[in-house]
Amino acid sequence: MTTIQEQMPQADMVKWRRYLHRHPELSFHEVETAKYIQKVLADFPNLEVSSLTENSVIAILKGNKPGKTIALRADIDALPIMEEADVDFPSKNPGVMHACGHDTHTAMLLGAAKVLSGMQDKIAGTVKFIFQPAEEEPPGGAKLLVEAGIMDDVDMVFGLHIAPNIPVGMVGTRKGAASAASDVFTLKIQGKGSHGSTPDLSVDPIMIGVEIINNLNNIVSRNISPFDNAVISIGEFNAGKTANVIPDTAKIQGTVRTNNKEVRQFIQKRIEGIIDGICKMYDAAYDLNYLLGYSEVNNDSEATDIVRAVAEKVVGQERMFEAPKMMGGEDFSAYTDVRPGSFFILGGGTAAEGCGYMNHHPKFKIMEECFPVGSGMHAQLILDILGQE
């Protein structure tokens, strides 16, 4: 008797993945990617294929008996990164790369769809295969799909993320908060410029910006409990163009990562208060845009127990691990905000195998041998939840 991963179409998944890798498209621009996915799905039986939002592809498989509705999600967008990975199928779109592994997610979900579409008689219920655009750019494609009603009739939702530096095919799970809420703020400080020899005539936005940044860096160390996770990072500080002129303005951009809703709200108010107080103290005006991004992915306990039971079947207990809490953002949270679900990690290869560069690195690479495990996890989840003899 063959295992579920042995039934996965490995050669097809490699072909699909390599095509997608060669033709990456950025968030909200996945036009050709969506067309390719639709073309592949058109060859599978028993699927209803549609597009609920721009560049999304939704394939619905209805079993021969009624039951629950389970959603499986893959993200399809790429990143604005120039590829440096040592692969035989590099990106043909300069400055755009599948550096996060979404091409692999898509190929694995297509593999599961191909196998499950031929098992209609074994399914009691409905499967939604969600090929989601724009995971990398807020407000995110998941939020738009939720607003369009994709989750209205869904009982549970599952997704995976490929990760390097982990042996091929290992499966990591975690209950509760699995990612961080990821917010971004942009601050423009309006001061008063002057010649460098007369700083007393200025309202120096650089000095004000330095003081703001120093105070923001104290929030986590002095206002947040060490038992809570929080990160504030400044990624941009721009002001002035020459050595002897104090500029009128300065621009600061930063990101805030949290795993707790109360901490998230507190940090936002604290940042706003610090900026307001310091700017008033120096008679500067300011414009602050604080964008609430993705919330944290919250893995439901029951759904995660199901994933763990499936992983034990697919890879065995010795190849399972407790996934660490990550401070990266992930818009799968839009689904778990409204329905129970679980997001798990799939090992994509070790550094010794050339997979030592993390997601979003220009040399990011994974081993395609992990595909049958990822697609097998998808398929086995459906058979365990909706399967019938």
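What you see is a predicted model, and the numbers here were worked out from it, not measured in a lab.

Each value, and the rule that gives it
Think of each chain on its own: its residues are numbered from 1, step by step along the sequence as written. Given that the model is predicted, a residue must reach a pLDDT of at least 70 before its local features are reported, and side-chain atom pairs must reach 80 or more before they are shown or counted; all residues, however, enter totals for whole chains, interfaces and linings. Working from all heavy atoms in the structure, the side-chain values ignore hydrogens and water. Where a domain begins and ends is set by an automatic assignment or by a domain database. Buried area counts how much accessible surface, traced with a 1.4 Å probe, disappears from two parts once they are put together, with both parts' losses summed. The rule for a salt bridge is simple: a side-chain nitrogen of Lys or Arg has to be within 4 Å of a carboxyl oxygen of Asp or Glu. Note on residue categories: nonpolar means Ala, Val, Leu, Ile, Met, Phe, Trp, Tyr, Cys or Pro, charged means Asp, Glu, Lys or Arg, and polar means any other residue, Gly included. A helix here means a DSSP run of H or I that spans at least four residues, while a strand means a run of E at least two residues long, and both kinds are numbered starting from the N terminus. In what follows, residue pairs with any heavy atoms lying within 4.5 Å of each other are defined as contacts. Ring pairs shown here join Phe, Tyr and Trp side chains whose ring centres sit within 6.5 Å, with only the six-membered ring taken for Trp; geometry is labelled stacked below 30 degrees between planes, edge-to-face above 60, and tilted in between. When a residue's accessible area, from a 1.4 Å probe over protein chains only, is under 20% of the maximum for its type it is buried; when over 50% it is exposed; and in between it is partly exposed.

According to the domain assignment, the protein chain contains domain 1 (4-178 + 297-386) and domain 2 (181-293). With centres defined by C-alpha atoms, the gap from domain 1 to domain 2 works out at 37 Å. Together, the buried faces of domain 1 and domain 2 total about 560 Å²; carbon and sulfur atoms form 58% of this surface. Of all residues in domain 1, the largest losses of buried area upon contact with domain 2 belong to Pro138, Lys325 and Met327, amounting jointly to 68% of the total for that side. Taken together, the links from domain 1 to domain 2 amount to zero salt bridges. Of the residues belonging to the side of domain 1 that touches domain 2, the class tally is four nonpolar, two polar and one charged.

To continue, consider the environment of Val297. Within the fold, Val297 resides in the loop between strand S13 (285-294) and strand S14 (298-299). Along the sequence, Val297 and Tyr357 sit 60 residues apart, while their C-alpha atoms lie 24 Å from each other. Once residues within four sequence positions are removed from consideration, Val297 is found in contact with Gly176, Ala177, Ala178, Ser179, Glu330, Phe332, Ser333, Thr336 and Phe343.

Turning our attention to the packing of aromatic side chains. Scanning all chains against the criterion turns up five aromatic pairs. Ring geometry for Trp16 and Phe44: centres 6.0 Å apart, planes at 55 degrees, overall tilted. Separated by 28 residues along the polypeptide, Trp16 in helix H1 (residues 10-22) and Phe44 in the loop between helix H2 (31-41) and strand S1 (47-50) bring together distant segments of the chain. A relative accessible area of 5% means that Trp16 is categorised as buried. Under the relative-accessibility criterion, Phe44 is labelled buried at 10%. Between the aromatic rings of Tyr19 and Tyr36, the centroid separation amounts to 4.0 Å while the plane-to-plane angle is 15 degrees, which identifies the pairing as stacked. Here Tyr19 is found in helix H1, whereas its partner Tyr36 is found in helix H2, with 17 residues between them in sequence. Overall, the relative accessible area of 30% leaves Tyr19 in the partly exposed class.

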